[in-house]
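As a plain string of letters, each chain reads:
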2 protein chains.
Amino acid sequence: MLTATMPTAAAHPALRAPAAAPQRIADTLQGLQDHVEISRRILHAGDSLYRTGDNFGCLHVVHSGFFKTLNLAADGREQVVGLHFKGDWLGFDGIATGRYGCDAVALDTGEVWSVRYDALLAACARHAPLLGLLHAAMSREISRDRDSLLSLCTLSADARVADFLRYWAEAMAQCGLRNDQITLRMTRAEIGNYLGMTVETVSRALTKLARGQLIAFTERGRRDICIPDVSALAAYVQRSLAPSPVLQ
Amino acid sequence: MLTATMPTAAAHPALRAPAAAPQRIADTLQGLQDHVEISRRILHAGDSLYRTGDNFGCLHVVHSGFFKTLNLAADGREQVVGLHFKGDWLGFDGIATGRYGCDAVALDTGEVWSVRYDALLAACARHAPLLGLLHAAMSREISRDRDSLLSLCTLSADARVADFLRYWAEAMAQCGLRNDQITLRMTRAEIGNYLGMTVETVSRALTKLARGQLIAFTERGRRDICIPDVSALAAYVQRSLAPSPVLQ
DNA sequence: CGTTGGGTTGAACCCACTCAATACGCGTGG
DNA sequence: CCACGCGTATTGAGTGGGTTCAACCCAACG
């Protein structure tokens, strides 16, 4: 069995997912391709896959690219509630009510595979493992959301940014992409919204991490970030928990 | 069709659930009873239904009482990530990994119905509507978690407490219980943890709400709370969004 | 009684926010 | 080519909401 090497510390809470993530992603895409009729669709940065209130009919799986989900309140508040990478499903929130409960927006050019929910259920009836994949994906989504809550409530602003970068790098690795140098597809405003802080705080946190050698900016633009050692970010999060002074 | 009256403002984001919640709960319990072998279990306040890391084998449905789910990080951080009432499912987070990802703890005496996950799947194959109930429950869980994120990131401490009370009262109504006077089953510490603030802030927020006549404490103890008008709480949340001075 | 756990309240502090100025990157058009 | 505008990012100074630290109240209980 070809298990991808996972260089980062395995002790981290958000790392409960099985180490064989690339295999899982491949199985998901293959399973869909083999048993359900799928419709492929290319989206570009800023395009919406679906919007809050749209009639629910399809589930979607990210085949390439990056997506964010936005929760919109009736009063205008909006909140980035999830980031989604290759192999992730989109649209679960629509099953219960028959309407999507959030917006799904592409962060750059990418492809999604869409399947009709009823067709998927029919396929699951014929081919049971497909249902297992579906349930596992929903289960992971729930766990992931809870980990977000945990980080949001228990970490300082700096640590949340560090944890965000670690999460992104982790996701890159699971997609089989290199994660020592990542290009954030989000503006500081989006990151700040996702992490519950302001643009300025995000910026300050990033410069502090750069000062501490935990990350480095590349020559071109400040949206590319070098992460020499992903596990060092996790260590930073741990350190910042203790009331002992970390790095200035 | 007997649709329960929902007195509260329908404009609120967390109110996406179909209005026929009592019917949904009844259907869930009936569906389980009719098609799967269930094992009933009584728990008392503080008892754990399952713990983080336990082998996953069962899903559980609350039949009576109140439960909280606790996310535990390896480093000791713990976070209340969910509250669960009659008809709610517990244990979804265990499907993906084969181990529960959090603790489920009873907030007072209550009964849960447990079903083996594999038995449930088999029953779903025989009786399709059961699968619909399961997926709807998972879908609602995801939506609910996202609403928590939204509140946590976009509301002030006072508004979060108000929103918490509104949510609890809402849940009581959906269970068919009276919601003009609720007994919080949680200590200030638990509430604070759930809402991402300290005990003192929770206490201050409650006294402020009481000063503003939005809630009132009963004669006995400060854990019983009268809510004369639930929709007034939602209105308070809305008001506190605008930078205009609310109530002192 | 004394003790213990939960709750409230006050005072001082501090992290993160607001406000504001500046700098950067990039496309457009002169 | 530079000028210009615009969105984005960074940095500084000042403020404030929420925290920390502390004292105190109260009810339950041995």
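In this convention, every chain numbers its residues from 1, walking through the sequence in written order. Each chain gets a letter, beginning with A, and each ligand a number, beginning with 1, in the order they are written. Selection of residues for local features in this predicted model requires a pLDDT of at least 70, selection of side-chain atom pairs for listing and counting requires 80 or more, and totals for whole chains, interfaces and linings are taken over all residues. To obtain the side-chain values, all non-hydrogen atoms of the structure were included, while hydrogens and water were left out.

- The name an unreviewed UniProt entry gives chain A is CRP/FNR family transcriptional regulator, with Roseateles saccharophilus as the organism.

## Comments concerning the sheet that holds strand β3 (residues 58-64) of chain B
All names here are of chain B.
And then number 1: Across the sheet, which stays open at both edges, the 4 strands sit in the order β1-β8-β3-β6 with antiparallel pairing between neighbours. The open sheet is flanked by β1 (39-43) and β6 (89-90), the only strands paired with a single partner.
And then number 2: Pairs of strands are assigned from DSSP output, requiring at least two bridges between the strands. By the criteria applied, helices consist of DSSP H or I runs no shorter than four residues and strands consist of E runs no shorter than two, each listed in order from the N terminus. Pairing analysis gives 6 bridges linking β3 to strand β8 (residues 110-116), with the strands arranged antiparallel. Following the sheet pairing, C58 is matched in β8 by R116.
And then number 3: Contacts were defined at the residue level, with two residues in contact if any of their heavy atoms lie within 4.5 Å. Whenever a helix is involved, its axis is fitted only over the stretch in contact; in every case the axis is a line through C-alpha atoms, and angles between N-to-C directions fall within 0 to 180 degrees. Contacting β1, β3, β6 and β8, helix α1 (residues 21-35) runs over the sheet at an angle of about 125° to β3.

## Notes on the protein's contact with DNA strand C
And then number 1: The nearness test applies per residue and asks whether one of its heavy atoms lies within 4 Å of the molecule or strand. Around DNA strand C lies a shell of 16 residues, among which A157(A), E200(A), T201(A), R188(B) and T207(B) are the nearest.
And then number 2: In DNA strand C, atoms within 4 Å of the protein come 68% from sugar and phosphate.
And then number 3: In this structure, A157(A) approaches DNA strand C through a main-chain N or O atom, which is 2.9 Å from a phosphate oxygen.
And then number 4: Between R204(A) and DNA strand C, the recorded distance is 3.3 Å, taken from a side-chain N or O atom to a base oxygen.
And then number 5: Among the secondary structure elements, those contributing two or more residues to the surface near DNA strand C are α6 (199-211) of chain A together with α6 (199-211) of chain B.
And then number 6: Considering each element in turn, the surface near DNA strand C owes the most residues, 4 residues, to α6(B).
And then number 7: Amino acids outside the nonpolar list (Ala, Val, Leu, Ile, Met, Phe, Trp, Tyr, Cys, Pro) and the charged list (Asp, Glu, Lys, Arg) are all regarded as polar, and Gly is one of them. Within the surface near DNA strand C, the residues separate by chemical class into 2 nonpolar, 7 polar and 7 charged. By the criterion applied in these results, polar contacts are pairs of N or O atoms within 3.5 Å in which, for protein atoms, one can donate a hydrogen and the other can accept it, and in which residues neighboring in sequence qualify only through two side-chain atoms.

## Some details on the pattern of salt bridges
Residues and elements named next belong to chain A.
And then number 1: In the sections that follow, a salt bridge refers to a side-chain nitrogen of Lys or Arg positioned within 4 Å of a carboxyl oxygen of Asp or Glu. Enumeration according to the criterion identifies 22 salt bridges over all chains in this entry.
And then number 2: Across the salt bridge formed by D163 and R166, the nearest N and O atoms sit 3.1 Å from each other. With a gap of 3 residues between them, D163 and R166 both fall in helix α4 (residues 157-174), about one helical turn apart.
And then number 3: Buried means the residue's accessible area, taken with a 1.4 Å probe over protein chains only, is under 20% of the maximum for its type, while exposed means over 50%, and partly exposed covers the values in between. Residue class for D163 comes out buried when judged on its relative accessible area of 8%.
And then number 4: Residue classification places R166 among the buried residues on the basis of a relative accessible area of 3%.

## Side note on the environment of L120(B)
All names here are of chain B.
And then number 1: Following the sequence through the fold, L120 ends up in helix α2 (residues 117-126).
And then number 2: Residue L120 is classed as buried on the basis of its relative accessible area, which comes to 0%.
And then number 3: In this structure, the C-alpha to C-alpha distance between L120 and C58, residues 62 residues apart in sequence, is 8.9 Å.
And then number 4: Apart from residues no more than four positions distant in its own chain, L120 is found in contact with L32, V36, L59, W89, V115, L130 and L134.

## What about the sheet that holds strand β10 (residues 216-217) of chain A?
Residues and elements named next belong to chain A.
And then number 1: Reading across the sheet, the 3 strands line up as β9-β11-β10 and stay open at both edges, with antiparallel pairing between neighbours. In the strand order of this sheet, the two ends are held by β9 (181-183) and β10, each with one partner.
And then number 2: Pairing of β9 with strand β11 (residues 224-226), which is carried by 3 bridges, proceeds in the antiparallel orientation. If you follow I182 over to β11, its bridge partner there is I225.

## Some remarks on the relation of the copies chain B and chain A
And then number 1: Only residues with pLDDT of at least 70 in both copies contribute their C-alpha atoms to the least-squares superposition of the copies. The operation relating chain B to chain A is a screw motion whose rotation component is 180°, with 0.0 Å of axial translation and a residual RMSD of 0.0 Å. On this basis, the relationship between the two copies can be described by a two-fold rotation axis.
And then number 2: Most of the interface of chain B is mirrored in chain A, where 100% of its interface residues are also at the interface.

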